[in-house]
Amino acid sequence: EKWAKLIRALKKTKAFCMDLETSALSVKNCDIVGLAFSTKAHTGTYVPVPDDRTEEQAILEEFREVLEDPKIGTIGHTLKVELLVLRGHGVRVEGPVFDTMLAAHLTEPDMRISMDFLSQAILGYKPQSITELIGAKGAKQKTMRDVPVAEAAEYAAEDADVTIQLWEKLEPRIKEEKQEEVLKKILSLPLVNTARS
């Protein structure tokens, strides 16, 4: 029932932010642990995905129509990763895309472009670090699958929320600075389309 309500809300938007949590960093060898969405600032919804490929695919089928809708835009930070993971699971995002990392590269070329840094620099907000959840790199580092669902939900929904807030700041600047064609034709489309082809 909650999924159906979320899907209806996503269908009504011109664009939404999507953030995936996965079981590994490798886009070719990972399972989806959860999907996070945001349609406006200060909101975020998390859909946990069980550690079962059949159930995972069933959930993706629920969201396929909205994810593959060519009229609805998808916003993300390092969006190519999300698109590659989804493609590996049989879902192809077809609508317009906006990558806040690429937009930041154009509008703030001297600034670090990690989401955490941009959030602090542009939004004045420090999001939760991934290392707080899974620890530092090394043999003892956990995966998102090891994180309790409530904690993963808080983290992922915050990521989606922060990303859509960055979009709200960066998208007008891209237009003001007349960088739309550069973003679409030189940066976004070549990078993102490799994940869609």
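Our structure is the block above this text.
Here is a short report on the structure shown in this document.

Notes on the packing of helix H5 (residues 115–123) against helix H7 (residues 149–176)
H7 packs onto H5 with a crossing angle of 55 degrees between their chain directions and a minimal axis gap of 10 Å. If you check the angle between H5 and H7, you find them oblique. The handedness of the crossing between H5 and H7 is left-handed. Of the residues in H7, those touching H5 at Met115, Leu118, Ser119, Ile122 and Leu123 are Asp159, Val162, Thr163, Gln165, Leu166, Lys169 and Leu170. Its residues placed into classes, the contact of H5 with H7 shows seven nonpolar, three polar and two charged.

Looking at the layout of surface pockets
Considering only enclosed or pocket space, the largest pocket measures out at about 950 Å³ in volume. Glu21, Leu25, Ile130, Tyr155 and Asp159 are, among the 33 residues lining the largest pocket, the residues nearest its centre. Elements with a contribution of two residues or more to the lining of the largest pocket: strand S1 (15–22), helix H3 (79–88), H5, helix H6 (130–134) and H7. At four residues, the largest contribution of residues to the lining of the largest pocket is made by S1. Across the lining of the largest pocket, the residue classes tally to 15 nonpolar, eleven polar and seven charged.

Considerations on the environment of Glu151
In this structure, Glu151 sits in helix H7. For Glu151, a relative accessible area of 41% corresponds to the partly exposed category. Along the primary structure Glu151 and Thr74 are separated by 77 residues, whereas in three dimensions their C-alpha atoms are 24 Å apart.

Some thoughts on the environment of Lys142
Here Lys142 shows up in the loop between H6 and H7. Owing to a relative accessible area of 39%, Lys142 belongs among the partly exposed residues under this scheme. Every residue in contact with Lys142, bar those within four places of it in the chain, is listed here: Leu133 and Ile134. Among the polar contacts listed, one links the side chain of Lys142 to the backbone oxygen of Leu133, at a separation of 3.4 Å.

Cut-offs and rules
Residues numbered from 1 in each chain as written. Predicted model: local features only at pLDDT ≥ 70, side-chain atom pairs only at ≥ 80, totals over all residues. Heavy atoms only, no water. Axes fitted to C-alpha atoms, helices over the stretch in contact; angles between N-to-C directions. Helix = DSSP H or I, 4+ residues; strand = E, 2+ residues; numbered from the N terminus. Parallel < 35°, antiparallel > 145°, perpendicular 65-115°, else oblique. Left-handed = near helix turned anticlockwise from the far one by under 90°. Contact = heavy atoms within 4.5 Å. Nonpolar A, V, L, I, M, F, W, Y, C, P; charged D, E, K, R; others polar. 1 Å grid on protein atoms, 1.4 Å probe; cavity = no way out; pocket = protein on both sides within 12 Å on 5 of 7 lines; lining within 4 Å. Points joined across faces, edges and corners; volume = space filled by probe spheres on them. Buried < 20%, exposed > 50% of the residue type's maximum accessible area, 1.4 Å probe, protein only. Polar contact = N/O pair within 3.5 Å; in protein donor to acceptor, adjacent residues only side chain to side chain.

This is a description of form; function is not addressed.
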